[in-house]
Amino acid sequence: MNTYLFVYDLMQFCGHSWIFTNMIIRFMSFGKDSLADTFYSIGLVMRLCQLLSILEILHILTGIDKSRLFPRILQIAERIIVLFVVINSQEEVQGKYVVCVLFFLWNLLDVVRYTYNMLARMGIYYLPLTWLNFSLCIPLYPLSVLAKAFAICVSLPYFESFGTYSIKLPFPFAFSIYFPYVLKMYLLVLFIGKYLIFQKAGSQHNRDANNNKKSNQYSFFHKLSLCHISCRPLQGSLSPAVLISDVFQIQIIEFARDTVRGIKIQNKNIKIASVILALQLLN
């Protein structure tokens, strides 16, 4: 299964890297004129990549991927709705600049994510890439949410004028479904859902393994830490990469906190881990 997941990540990486490279080259060659026809040049590959990402839900359901199910379903559903329902159905929206911005954010996140996943399948954890994978989403994910919301707002006048997806049911039902209202409700759900996810992530982030609230200073150092820290043993650079556990990460963070406070460290394991981390950062 690890080979299958590697091939899947490789296919996604090839698709998203092609889109990302194509967008950059077109912008450098044609400037702002390239933004208007972004969807026409890369839309097909973008749709294929997003359809292929549905397999990630099956990976989690079958247990071959240990990621959380609800956030992944939410992310994939949002992209499919915006891409296929909002952008693909309205030709006037496809030429808007917000489509180019949205595609740029999506592909930048996915190129880094699938690169990290491919290397992780082979047991390779490159520290700058690991940091980038878990840190890039912090500024870009809220921006992509705003870009999706703006794309929906831009499309509302076209859905209202053309009546796309609006349905008027015959007697005896005698009611109609006005699709712009559905999109407005979706916008509300989108922002509420993102707020709840960020709030839950923040509450979990500020609690330790015993479900106790961390101090402000501890939370500060924890936010500065990596979600995954990789290093190599002191035996040599050719040794396989070692992934430090979350508990060991907390010990390293406590070492940094106590070092700032001027407290003498007694735990030799924490000292060794901190030296390894420092050597990895220097390399």
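These figures come from a predicted structure and were not determined experimentally. Sequence order sets the numbering: in each chain, residues are counted from 1 along the sequence as written. A pLDDT threshold of at least 70 governs which residues receive local features in this predicted model, and a stricter bar of 80 or more applies before side-chain atom pairs are shown or counted, although totals over entire chains, interfaces and linings include all residues. Note that water and hydrogens are dropped before the side-chain values are worked out from all heavy atoms of the structure.

Within the chain, the regular secondary structure consists of 13 helices and four strands. Only protein chains enter the accessibility calculation, which uses a 1.4 Å probe. A residue is then buried if its area is under 20% of the maximum for its type, exposed if over 50%, and partly exposed in between. Counting across all 283 residues of the chain, residues that qualify as buried make up 38%. In the chain, once contacts between residues fewer than 6 apart in sequence are set aside, the share between residues at least 24 apart is 65%. Surface exposure here means Shrake-Rupley accessible area, sampled with a 1.4 Å probe, where a residue is shielded only by the protein chains that are shown. Working note: accessible area of the chain is about 16600 Å², and carbon and sulfur atoms make up 68% of it. Segments assigned H or I by DSSP are reported as helices when at least four residues long, segments assigned E as strands when at least two residues long, and all are numbered from the N terminus. Two residues qualify as a contact provided that any one of their heavy atoms is within 4.5 Å of a heavy atom in the partner residue.

A word on the nonpolar core. I87, V99, F103, W106, I152 and L183 are the most contacted members of the largest nonpolar core, which totals 38 residues. Listing elements by their share of this core, those giving two or more residues are α1 (2-30), α3 (38-52), α5 (69-87), α7 (97-121), α9 (137-162) and α10 (179-205). By residue number, the principal contributor to this core is α7, which donates ten residues. Apart from the residues within four sequence positions on either side, V99 is in contact with F39, I87, V93 and Q94. For this analysis, a nonpolar core means a set of buried residues of the types Ala, Val, Leu, Ile, Met, Phe, Trp, Tyr and Cys, connected via side-chain atoms within 4.5 Å.

Here S155 is to be found in helix α9. Taking relative accessible area as the criterion, S155 reaches 0% and is therefore assigned buried. In protein, a polar contact means a hydrogen-donor-capable atom and an acceptor-capable atom, both N or O and within 3.5 Å, with residues adjacent in sequence counting only if both atoms are side-chain atoms; elsewhere, any N or O pair within 3.5 Å suffices. At 2.7 Å, the side chain of S155 and the backbone oxygen of I152 are in polar contact. Those residues in contact with S155 that sit more than four places away from it in its chain are V86, V93 and L183.

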